[in-house]
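Breakdown of the fold
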Amino acid sequence: MSRPDKLLIDQELFNKLLPLASSSARGRTNHNFHELLEPYQRFLNVLTKDTYVQAHRHKNPPKPETFLVLKGKLGFILFEEDGKVRDKHILSSDGPIYGIDILPGVYHTLVCLSENCICFEGKSGPYDPTTDKEFASWAPPENSEGKTQYLDFLRSLF
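Just so it is clear, the structure is predicted and the values come from calculations on it, not from any experiment.

Let's talk about the overall build of the chain
- When helices and strands are counted, the chain shows two helices and ten strands.
- Helices and strands appear in the chain in the N-to-C order α-β-β-β-β-β-β-β-β-β-β-α.
- For the chain, the C-alpha radius of gyration of 15 Å lies close to 15 Å, the compact-globule estimate for 158 residues.
- The 158 residues of the chain split such that 44% are buried.
- Within the chain, counting contacts between residues at least 6 apart in sequence, those at least 24 apart form 75% of the total.
- Here the chain contributes 19 positive and 21 negative side-chain charges, whose respective centroids are spaced 1 Å apart.

Below, the structure written as structure tokens:
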């Protein structure tokens, strides 16, 4: 991929991405700044209120992950191995907590608490869809009927 030596993360980019997330069946879209084989993955994750992200972790290969909220507000949830909520935080572009950095192997998910939310994510690469995420067996998959009820539960934590 040929790209300029700089890309601005600005309102113009947000205005381009928000309609894509809104019209997506998943209620979200990614905007990658990296090539899939790069050692450092960096991207914008644009979420809408109805986005459901199945709890997952990045264990094998181990990948730490950083989230910074640039616009909006989200709830970030960390889980124990058995699915019990270990910790939860509100991340917001208004603060006082703007982001979180988590170690590899920690089950996590997030819920959009505003109409939409744009966060910057960074994690180790390269990206391999067969090993990138280990989904939690106790969390409903994205295409399941149980996801709506589980998403309501996650939102109720905030």
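Description of the pairing of strand E4 (residues 65-71)
- Judged from the four bridges that link them, E4 and strand E7 (residues 99-102) form a sheet pairing that is antiparallel. Within E7, the position partnered with Glu-65 by the bridge is Ile-102.
- Pairing between E4 and strand E9 (residues 116-124): six bridges, direction antiparallel. When the bridges of E9 are listed, Phe-67 appears paired with Glu-121.

Re helix H2 (residues 147-156)
- The set of residues buried in H2 consists of Tyr-150, Leu-151 and Leu-154. Seen end-on, H2 carries its buried residues on one side only, within an arc spanning 100°. Residues of H2 that are exposed and point more than 90 degrees away from the buried face comprise Gln-149 and Ser-156.

Observations concerning helix H1 (residues 11-23)
- Helix length check: H1 (13 residues) gives 19 Å between terminal C-alpha atoms against 18 Å at 1.5 Å per residue, within 8%.
- Inspection of H1 places Leu-13, Phe-14, Leu-17, Leu-18 and Ala-21 among the buried residues, and these make up the whole buried set.
- Tucked into the core, H1 has its buried residues touching strand E1 (28-32), strand E2 (40-48), E4 and E9.

Side note on the nonpolar core
- One finds Leu-74, Phe-76 and Leu-110 to be the most contacted residues of the largest nonpolar core, which totals 15 residues.
- Among the secondary structure elements, those contributing two or more residues to this core are E4, strand E5 (73-79), E7, strand E8 (107-112) and E9.
- Here the element with the most residues in this core is E5; it accounts for three residues.
- What Leu-110 contacts, discounting residues up to four positions off in sequence, is Leu-47, Val-53, Phe-67, Leu-74, Gly-75 and Phe-76.

Structural notes on the UniProt feature "domain: Cupin fold metalloprotein WbuC cupin" (unreviewed entry) in the chain
- In this structure's numbering, the residues bearing the UniProt feature "domain: Cupin fold metalloprotein WbuC cupin" (unreviewed entry) are residues 9-91.
- Helix makes up 16% of residues 9-91 and strand 45%, and the two end C-alpha atoms of the span are 19 Å apart.

Regarding the sheet that holds E4
- What the five strands build is an open sheet, ordered E1-E2-E9-E4-E7; its pairing is antiparallel. The open sheet terminates on both sides in strands that have one partner only, identified here as E1 and E7. On average, each strand axis in the sheet is tilted by 20° relative to the strand beside it, whichever way the strands run.
- In terms of strand pairing, E1 meets E2 through five bridges, oriented antiparallel. Counterpart to Asn-30 in the pairing with E2 is Asn-45.
- Together, E1, E2, E4 and E9 form the strand contacts of H1, whose direction differs from that of E2 by roughly 65°.

So, the pairing of E9
- Burial analysis of E9 places seven of its nine residues in the buried class, which makes it a mostly covered element.
- The pairing of E2 with E9 spans nine bridges and is antiparallel. Within E9, the position partnered with Tyr-40 by the bridge is Ser-124.

Notes on a nonpolar patch on the surface
- Together, Ile-9, Leu-68 and Leu-70 make up a nonpolar patch on the protein surface, roughly 230 Å² of accessible area in all.
- Within the secondary structure, Leu-70 is located in strand E4.

Conventions and cut-offs
Residues numbered from 1 in each chain as written. Predicted model: local features only at pLDDT ≥ 70, side-chain atom pairs only at ≥ 80, totals over all residues. Heavy atoms only, no water. Helix = DSSP H or I, 4+ residues; strand = E, 2+ residues; numbered from the N terminus. Rg over C-alpha atoms; globule rule 2.2 N^0.38 Å. Buried < 20%, exposed > 50% of the residue type's maximum accessible area, 1.4 Å probe, protein only. Contact = heavy atoms within 4.5 Å. Lys, Arg positive; Asp, Glu negative; His and termini not counted. Charge placed at Lys NZ, Arg CZ, Asp CG, Glu CD. Pairing = 2+ DSSP bridges. Arc of directions from axis to C-beta. Expected span 1.5 Å × (residues − 1). Core = buried A, V, L, I, M, F, W, Y, C linked by side-chain atoms within 4.5 Å. UniProt positions renumbered as here; feature names shortened; annotations may be inferred. Axes fitted to C-alpha atoms, helices over the stretch in contact; angles between N-to-C directions. Patch = residues over 30% accessible without salt bridge, like charges linked within 9 Å, V, L, I, M, F, W, Y side chains within 5 Å. Areas by Shrake-Rupley, 256 points an atom, 1.4 Å probe, with all protein chains shown as cover. Salt bridge = Lys/Arg side-chain N within 4 Å of Asp/Glu carboxyl O.

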